[in-house]
Amino acid sequence: MTDAPDPITPDLITTEVVSRHVLAAAAEMGIVLMRTAFSPNIKERNDCSTAVFNARGDVVAQAEHIAIHLGSMIGAIENITARFEPAEIGLGDMFVANDPYNGGGSHLPDLNVVAPVFHDGRIVAYVANIAHHADVGGMVPGSEAAVCETIFQEGLRLPPVRLVRDGAVNRDVLDIILLNSRTPDERRGDLNAQIAANHVGVRSMQQLIERYGLDVFERALDAYLDFSARRMEAAVAALPEGVFKAEDFISSANENAEARLSCTLTIAGGRMSFDFTGTDPQLNEARNIPHQALLATVYTVAKALLDPDAPANGGAFRVIDITAPPGCIVQPTSPAPVGARSLSCGVLSDVVLAALSQALPDKGMARCGPHGLLLLSGVDPRNGKYFVNYETVSGGLGALPNRDGLDAVRTITSGSANLPVEALEHDFPVRVERYALRDGSGGEGRHRGGRGVLRDYRILGESMTVSLTGERQRVAARGVAGGGDGALGEFVINPGKPDEKTLGAAVKEAPLPKGSVLRVGTPGGAGWGKPSDRDPTLVDKDIREER
Amino acid sequence: MTDYWIGVDTGGTFTDLVLVDRDANHRVSFKLPTTPDDPALGILSGVRSLLDLAEADGVDVSFLGHGTTLGTNAILTGRTAPTGMITTQGFRDILELGRQRRPSFYDIEVAKPTPPATRDHIIEVAERLDECGGVVMPLDEDGVRDAARQLQADGVTAVAICFMHAYANPDHEVRAAAIVREVWPDAFVCASSDILREFREFERFATTTVNASLLPVMDEYLRRFEAGLAELGVSVPPLVMQSNGGAVSPATVRAAPVNTFFSGPAGGVIATVALGKSLAMENLVSFDMGGTSTDVCLVKDGAPAKRNVRDMAGFPVRIPTLDLHTIGAGGGSIAWADPGGLLKVGPHSAGATPGPALYGLGGEDATVTDANVVLGRLSGGALIGGTMTVYPEKSYEAVARLGEKIELDPIATAAGIIEIVNVNMMGAVRAVSIEKGEDPRHYALAAFGGAGPLHAAGVAAEMGMDTVVIPTRPGILSALGLLDADVRGDFSITRLVALTLENTAALRDGAVDLMARGAAWRVAERLNEDSVEISWTADLRYIGQAFELMAPILTLSGTPDFDEATLAALRAEFHRQHASINGYAMEGHAVEMVNLRLSVAAIRPSAGGVEILGDGADVEETIRPVWFPETGFVETPVRDRASLTPGQRIAGPMIVEQMDTTLVIPPAATAIVQPSGDLTLHLGGTQT
């Protein structure tokens, strides 16, 4: 057995062919999901992800949408198999889950819908998709705000439960989800889209298995994960051994005590170990980063710095160990709130990146300005309907050692698009009076930090409210090698008017009178190198273009 | 009276020309290198040679259609005109803000693309409309005047006018354009509502600005081209293929050069439609595989698939185009081993120089062409009808070197390269078929371009497709398509309303508006009213969705009246499509219109024309070992295409060689030579 080659071990060519099919299936699921979704957050902003897993629950392929969703994908299957015996799961079942502590999720608005793929009566793979729903109940419209103090305030919690049983939608579960949302019609449409996406994925996997046979299919997936592992191993093996530390701070309810995120990276023996000991205890604010989001952040940064073209699958991350003491911000325990983890992950990725880039001379990125989150709600006077608009406005990225930081893009753990102003004004009663790069917000430097964004909303409806979450409103993105800090973010009502009022970084349902203006100003990225070393032609260009 | 039609396909490397003598039903073709610095020069020299070859006189040319890659190349090489933009106060950064996405998802090194108009050439003016087109703030006309003077002083030559919600009401843009022309008569100006009358500001502004940046470039090219043709005695206006598969006059292209991005590959698709028609096949996938890239398009029921958005150098350009899927892989693609030890092919290409190792011009990397040589699929003897010396031992060495890295012998490595490139091709076929809800097994693969016929059987087998069609002259099929092009204009208007009777008036107003634009265009193109066919389509979605499906609107009169019967038929069609493409329908859910579209086309007769390949009776069959996945190496007959006679049935395996390509017929397949000389290949045994 050890000498003779196994006759059905697929060669590397079959592996490439089968893995391409799997990647194409994940991409195709994503297309169906975005094409048929109803809420602007999914259809315009593409806040959703799709993936294919092997029978053991390893992620084999994730479509490129939202990196942070990778963590929830990793957790999804293990939570299902922990709760259900294989015999309990039937052909035509689909599960829905969102709970970070019991369902593998990373915050409640992300509903993960998982479908097993059967062959000859046994589960041989899974497909899944995550969509960020604009409201899943809880105390704040939009179900994601830093002000929540426990997860019970953040909305409906779902362990893995059957959304589809034996091919038919399970109305018992659907009705619970719909009743708990402030905008049930949208939820119904979005869930339909999620179910349709999984159908496409299941069908595609079944065709692939029919074509190659189950043995070749399963072994090809294993070989693909092994190849991915080897790629990352090769990249890690090239790093110098050593211990590298970095830290930064996120906002907390206590204005005088920002919350510390701390990372110690040890590279030794061909492995990378990230230890988050030293991180502050979990917060009574929804900025905690649940386990799945921590994994996704570390994996994403490692991939971006070491091998951006490596497949985003379970194999690629076998050389990475992650430890964090339970009860800290990056390993919270129930019932710590986690809704706004995406903003904290923006800072956490800076910390991980700062640690890792110490091992990579001439690589890396100065710290970044994460997005601002706003949840507008109220009644639209044009049709009398209650609405919730979940929107994020990007900040700017840190400068690189060789060029300026990117203006106005989401940080690396995320990827959702903006909401076009013309779509926004069709769907919600606001008028955007200014949507611009926030000049001066990028840190000065030989290479400047990316600029954040200014977006001014004129309120057109009666008795509307806004809940807001910001990051880097008190601690700036810090410059590198003499580069300047990025500007702080801000939320302001009626800027430039006598009644101008700056709101904090965590705001619950602030009233917005008709005619008032809400300004979202997002933080900028930090600069790299001394401003005096800046290329004079770039300085001229900055002046010419009023930057 | 003699009557000549000419088709010209300007490719990245070569320009192909074909002339049909309509009376003699005879055709001649000519090939010469493309002249990228001044494309008009090469084409004109080609037209001159073609006329000489046919002993024809320029005045007898009654039709000249051409595809051009000028617009695409100008964008890709940054040779566009300095461009300014006048926009709504508060919105000068829309092009830089984009959709707040990183240009590469994981790779932090990738920078954002530079917009066609940079910030120092973007000027805001006071004006604002709401989402229904109502005026919130009137247009500051003096502001527009000042902006125009400023841009002129800055040295830009083209101006894009981009106002918020202008798709809902173009009045402000129309007025602003008039003011710019008034103060600056020789400016090149376009307005977003003229170029793309659809919502989503970034996509509309980007499309309009890209268009503006091409206006002076296209104008200059057409001027030189028209003057050169006049010198040759050709007096007909040279029609230009658009991305939508229709040809238009120079005047129309001068206003909207953005519509020519797929002018080049579109010819091949149109030719595929004509090929299908002549063979009575309505469902085909066109497969145009060249040296560096491959273009694939679905033709269903005799009509090519369409789409409405394209990425150009990092910016979304929303224009009606054929749904061409292009991948960066072809015969020159380089095979390599990735750090994990997986074999990969492309996207890097050896190009024409150094080219594949086979050429002996210094290429060290194993390319797809080299793998084909190692496996005996391509001749180790001379290429291009014996005019080019080649070095098969260099192919073998290059493949063997790669094989050492991945621990495979040279034959297994070459076989792997072929299989992987075929899988890449399969991805393209999949994208235009399965991902659009079409089963490729119901389609035939139409293979052309230099490498298409080499790989078609393998790709078809991967997809479970049984039939492959190979035209008589795969190398010049795209040029032939230009002869068959219809004259076509597409018009659209956003109408965001539910498909219910209360909106009949709004829908009808939109249709009337489009009809007027179509009529004005028809006059500009000098088309008779009775020679044109018009068709209407609606972009529909469930209320609340953001992505639309296109449904045809059937109407007996010229303009649809949107009565209950029309609306009900549209709703039913939408539910059906949604179920077919997305797997479910929501019959109880309201359906809304997003865009109404009008297409006006003047249908032209087929050019016809037969090219004699030679009777070939004296060409001898040879035999060489050729590798097939199902058999390994097997002694295989090799014949010249010219030796095949209509009606002949050929059992695989066989290699058929002709000047512009090589055909691979696998062992289980049967080929039939059609009366037209086209070859239909039935793979057999692969249908599931």
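Residues numbered from 1 in each chain as written. Chains lettered and ligands numbered in written order. Predicted model: local features only at pLDDT ≥ 70, side-chain atom pairs only at ≥ 80, totals over all residues.

## So, the overall build of chain A
For step 1, the next point in the chain: Counting secondary structure elements, chain A contains ten helices and 20 strands.
For step 2, the next point in the chain: The C-alpha radius of gyration of chain A comes to 23 Å, within 12% of the 24 Å expected for a compact globule of 547 residues.
For step 3, the next point in the chain: Along the longest, intermediate and shortest principal axes, the C-alpha atoms of chain A span 80 × 60 × 40 Å.
For step 4, the next point in the chain: With 547 residues in all, chain A has 63% of them scored as buried.
For step 5, the next point in the chain: Here the contacts in chain A between residues at least 6 apart in sequence split such that 75% fall between residues at least 24 apart. (Helix = DSSP H or I, 4+ residues; strand = E, 2+ residues; numbered from the N terminus. Rg over C-alpha atoms; globule rule 2.2 N^0.38 Å. Buried ≥ 20, exposed ≤ 12 C-beta atoms within 10 Å, placed from the backbone. Contact = placed C-beta atoms within 7 Å.)

## Notes on the interface of chain B and chain A
For step 1, the next point in the chain: If you look at the interface, chain B gives 49 residues, while chain A gives 59 residues.
For step 2, the next point in the chain: Mapped onto the side of chain B that touches chain A, the elements with two or more residues apiece are α3 (94–97), α7 (201–231) and α12 (410–432) of chain B.
For step 3, the next point in the chain: A per-element tally of the side of chain B that touches chain A places α12(B) first, with six residues.
For step 4, the next point in the chain: Among the residues making up the side of chain B that touches chain A, the classes are represented as 20 nonpolar, twelve polar and 17 charged. (Nonpolar A, V, L, I, M, F, W, Y, C, P; charged D, E, K, R; others polar.)

## Digging into the sheet that holds strand β30 (residues 632–640) of chain B
All names here are of chain B.
For step 1, the next point in the chain: Pairing within the open sheet is mixed, and its four strands lie in the order β29-β30-β32-β33. Because the sheet does not close on itself, it has two edges, and the strands there are β29 (622–628) and β33 (661–665). Neighbour to neighbour, the strand axes of the sheet diverge by 30° on average, direction disregarded.
For step 2, the next point in the chain: Summarising the sheet, β30 and strand β32 (residues 654–658) pair through three bridges and their orientation is parallel. Each bridged residue has a counterpart across the sheet, and for aspartate 640 the counterpart in β32 is glutamate 657. (Pairing = 2+ DSSP bridges. Axes fitted to C-alpha atoms, helices over the stretch in contact; angles between N-to-C directions.)

## Overview of helix α5 (residues 171–183) of chain B
Residue and element names in this part refer to chain B.
For step 1, the next point in the chain: Compared with an ideal rise of 1.5 Å per residue, which puts 13 residues at 18 Å, α5 spans 19 Å between its outermost C-alpha atoms and is within 8% of the ideal.
For step 2, the next point in the chain: Turning to α5, its buried residues are His172, Glu173, Ala176, Ala177, Ile179 and Val180. The arc enclosing the buried residues of α5, seen along the axis, measures out at 160°, which places them on a common side.
For step 3, the next point in the chain: Buried-residue contacts for α5 involve β5 (83–88), β7 (128–129), α4 (141–154), β9 (158–162), β10 (188–191) and α6 (192–195). (Expected span 1.5 Å × (residues − 1). Arc of directions from axis to C-beta.)

## Things to note about the environment of A:Ala296
Residue and element names in this part refer to chain A.
For step 1, the next point in the chain: Locating alanine 296 in the fold gives a position in helix α7 (residues 291–306).
For step 2, the next point in the chain: Residue classification places alanine 296 among the buried residues on the basis of 27 C-beta atoms within 10 Å.
For step 3, the next point in the chain: Considering only alpha carbons, one finds alanine 296 and glycine 504, 208 residues apart in sequence, at a separation of 28 Å.

## So, the domain arrangement of chain A
All names here are of chain A.
For step 1, the next point in the chain: For chain A, the assigned domains read domain 1 (12–229) and domain 2 (365–547).
For step 2, the next point in the chain: Facing 21 residues of domain 1, the contacting portion of domain 2 comprises 24 residues.
For step 3, the next point in the chain: For the side of domain 1 that touches domain 2, a count of residues per class yields ten nonpolar, five polar and six charged. (Domains from an automatic or database assignment.)

## A word on the domain arrangement of chain B
For step 1, the next point in the chain: Along its sequence, chain B is carved into domain 1 (4–75 + 220–260), domain 2 (80–211), domain 3 (333–417) and domain 4 (487–602).
For step 2, the next point in the chain: Look at where the C-alpha atoms of domain 3 of chain B and domain 4 of chain B centre, and you get two points 50 Å apart.

## Some points on the sheet that holds strand β18 (residues 501–503) of chain A
All names here are of chain A.
For step 1, the next point in the chain: Spatial strand order, β14-β15-β20-β17-β18: five strands in an open sheet with antiparallel pairing. Where the open sheet ends on each side, the last strands, each with one partner, are β14 (430–437) and β18. Strand-to-strand twist in this sheet, taken as the mean axis angle between neighbours without regard to direction, amounts to 20°.
For step 2, the next point in the chain: Sheet topology places strand β17 (residues 490–493) next to strand β20 (residues 517–521); four bridges connect them, and they run antiparallel. In the strand pairing of β20, valine 492 is matched with arginine 519.

## Digging into the packing of α4(B) against α5(B)
Between two packed helices, both the angle of their axes relative to each other and the distance between the axes serve to describe the pair.
Residue and element names in this part refer to chain B.
For step 1, the next point in the chain: For the pair α4 and α5, interaxial distance at closest approach is 9 Å and the crossing angle is 45°. By the angle between their axes, α4 is oblique relative to α5. Regarding α4 and α5, the two cross each other, and that crossing is right-handed. When α4 is examined against α5, the residues Glu141, Val144, Arg145, Ala148 and Arg149 are found in contact with a partner set consisting of Ala176, Ile179, Val180 and Val183.
For step 2, the next point in the chain: Class assignment of the residues belonging to the contact of α4 with α5 gives a composition of six nonpolar, no polar and three charged. (Parallel < 35°, antiparallel > 145°, perpendicular 65-115°, else oblique. Left-handed = near helix turned anticlockwise from the far one by under 90°.)

## Some remarks on the packing of helix α1 (residues 39–53) of chain B against α7(B)
Residues and elements named next belong to chain B.
For step 1, the next point in the chain: Packing of α1 against α7 brings their axes to within 9 Å, and their N-to-C directions diverge by 20°. Between α1 and α7, the crossing angle belongs to the class labelled roughly parallel. With respect to the hand of their crossing, α1 and α7 are arranged in right-handed fashion. Listed contacts from α7 to Pro39, Ala40, Ile43 and Leu44 of α1 are Tyr221, Arg224, Phe225 and Gly228.
For step 2, the next point in the chain: Tallied by class, the residues present in the contact of α1 with α7 amount to six nonpolar, one polar and one charged.

## Focus: the nonpolar core
The nonpolar side chains of a soluble globular protein tend to be buried, and buried together.
For step 1, the next point in the chain: In this structure, A:Val52, B:Ile6, B:Val159 and B:Leu445 are the most contacted members of the largest nonpolar core, which totals 380 residues.
For step 2, the next point in the chain: With 13 residues, α7(B) is the single largest residue contributor to this core. (Core = buried A, V, L, I, M, F, W, Y, C linked by C-beta atoms within 7 Å.)

## A closer look at the environment of B:Phe491
All names here are of chain B.
For step 1, the next point in the chain: Along the polypeptide, phenylalanine 491 turns up in strand β25 (residues 486–498).
For step 2, the next point in the chain: Its 19 C-beta neighbours within 10 Å are what place phenylalanine 491 among the partly exposed residues.
For step 3, the next point in the chain: On a C-alpha basis, the gap between phenylalanine 491 and valine 600 in space is 8.4 Å, while along the polypeptide they are 109 residues apart.
For step 4, the next point in the chain: If near-sequence neighbours (up to four positions away) are discounted, phenylalanine 491 is found in contact with Leu514, Arg517, Gly518, Arg597 and Leu598.

## A look at the confidence of the model for chain A
For step 1, the next point in the chain: In this model, chain A carries a mean pLDDT of 92, and residues with pLDDT of at least 70 account for 97%.
For step 2, the next point in the chain: Across residues 1–8 of chain A, where pLDDT falls below 50, the model places three contacts with residues more than four positions away in sequence or in other chains. (pLDDT = per-residue confidence, 0-100.)

## Section: unusual backbone geometry
Residues and elements named next belong to chain B.
For step 1, the next point in the chain: Note the cis peptide between glycine 346 and proline 347, where omega equals 5°.
For step 2, the next point in the chain: Residue placement: proline 347 occurs in strand β22 (residues 343–349).
For step 3, the next point in the chain: Here the phi dihedral of arginine 200 falls at roughly 90°; this positive angle occurs in a residue that is not glycine.
For step 4, the next point in the chain: Mapping arginine 200 onto the fold places it in the loop between α6 and α7.
For step 5, the next point in the chain: Looking at arginine 200, the number of C-beta atoms within 10 Å reads 21, which means it is buried.

## Quick look at the pairing of strand β28 (residues 591–602) of chain B
All names here are of chain B.
For step 1, the next point in the chain: Counting buried residues in β28 gives eleven out of twelve residues, a clear majority hidden from the surface.
For step 2, the next point in the chain: Looking at chain direction, β25 and β28 are connected through ten bridges and run antiparallel. Directly across from valine 497, in β28, lies its bridge partner methionine 593.
For step 3, the next point in the chain: In the sheet, strand β26 (residues 532–542) pairs with β28 via eleven bridges, with the strands oriented antiparallel. Looking at the pairing, alanine 538 lines up with leucine 596 of β28.

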